[in-house]
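The primary structure of each chain is shown beneath.
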Amino acid sequence: MVQPSSSVSDAYIRVSNSRRRFEWFSVLNVSFLIIVSLICVLPLIHIVAVSFSSSTAAAAGHVKLWPVDFTVASYKYTASREAFWQSMLVSLERIAIGTPLNLILTILVAFPLSKESKTFRLRMVYAWIFFMTMLFHGGLIPWYSTLKQYNLLDTIWALVLPGAVPVFSVVLLLNFFREVPKELEEAAVMDGASYWTTLWKIYVPISKPALATLALFSMVEHWNSWFDGLLLMGDPSHYPLQSYIQTIVIQQNLMNMSRDEAINLALISDRTLKASQIFLGSLPIILAYPFLQKYFVKGIVLGSVKG
């Protein structure tokens, strides 16, 4: 009778210790995530507070996480700037063209690469060709010279075509295609369907969650890109939004301002002006992300589980 009681007691102690360790892990994990979240959120809150503060308070450094001497003068000035809205239209045009192009080319590349080598003999050759582009790059000068040779500079296509085939998205989608039951394709082939019909009638409808994830990745990538706009656009009116914001953050161009704009700028702080435009440039993604977060989470584990 003693031995079973001792075993039960030992088991209870082990369960208690395991539960205690799990509770400590949960506390540390939650604390770590809260700290990381604050590190990400507090700078944005500070930017918003500065954008709604008076020029005197912002210049003196009195603004922390709450506006001081609340005003919307910076937003009024930003709304009056034609260059800001022009750059916003360029970014929207880039997303409207670039995202569908990324999806179509990703589908067309991922589908054949998802087949077995006996079905597509050169599969590994093409797979390595695409994979090598993720590790090695031709360099900035050859990249720029190629776009210049094809007369793509200072056009929307210079922002869209160089990244038309996102290899990382191809890898994710081909792994998703491999998880589609082969019986569906075999049944379609027996009914006389071609590979083209199988792709658009079976694989694409089944892959809508995966395609939604990749579309979001593409939209965020196009929206946040700024370096290529500065490098490839000779006319500042063709800058995408993030490139325009980068220019006003680095330096304020006073040469192209009218007399009325210069007077209005004297009434606000350079810090509040930059803060308002940074916040407005981030606002679309901030508003969209809470509704699209589930697709980002799904994209992280896309194609990682084999059934």
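Residues numbered from 1 in each chain as written. Predicted model: local features only at pLDDT ≥ 70, side-chain atom pairs only at ≥ 80, totals over all residues. Heavy atoms only, no water.

**Quick look at the overall build of the protein chain**
Phase 1: Check the secondary structure of the protein chain and you find 15 helices and zero strands.
Phase 2: Going through the 307 residues of the protein chain one by one, you find that 33% of them count as buried.
Phase 3: Taking contacts inside the protein chain between residues at least 6 apart in sequence as the whole, the part at least 24 apart equals 70%.
Phase 4: When the accessible surface of the protein chain is totalled, it reaches about 19,300 Å², and 68% of it is carbon and sulfur. (Helix = DSSP H or I, 4+ residues; strand = E, 2+ residues; numbered from the N terminus. Buried < 20%, exposed > 50% of the residue type's maximum accessible area, 1.4 Å probe, protein only. Contact = heavy atoms within 4.5 Å. Areas by Shrake-Rupley, 256 points an atom, 1.4 Å probe, with all protein chains shown as cover.)

**A closer look at the pattern of salt bridges**
Phase 1: For the structure on display, the rule yields four salt bridges.
Phase 2: Among the ionic pairs, K115 bridges to E185, the shortest N-O distance being 2.7 Å. One end of the pair, K115, is in the loop between helix 4 (82-113) and helix 5 (123-135); the other, E185, is in helix 9 (residues 182-190), with 70 residues separating them in the sequence.
Phase 3: Classification of K115 by relative accessible area gives buried; the value is 11%. (Salt bridge = Lys/Arg side-chain N within 4 Å of Asp/Glu carboxyl O.)

**Observations regarding the packing of helix 8 (residues 167-179) against helix 11 (residues 208-224)**
Relative orientation and spacing of two packed helices are given, respectively, by the angle between their axes and the distance between those axes.
Phase 1: The geometry of helix 8 relative to helix 11 is characterised by a closest axis approach of 11 Å and an angle of 175° between their N-to-C directions. By the angle class used here, helix 8 and helix 11 are roughly antiparallel. Each of S169, L172, L173 and F176 in helix 8 lies in contact with helix 11, whose residues at this interface are A210, L211, L214 and F217.
Phase 2: Here the residues of the contact of helix 8 with helix 11 sort into seven nonpolar, one polar and no charged. (Axes fitted to C-alpha atoms, helices over the stretch in contact; angles between N-to-C directions. Parallel < 35°, antiparallel > 145°, perpendicular 65-115°, else oblique. Nonpolar A, V, L, I, M, F, W, Y, C, P; charged D, E, K, R; others polar.)

Geometry only, nothing functional implied.
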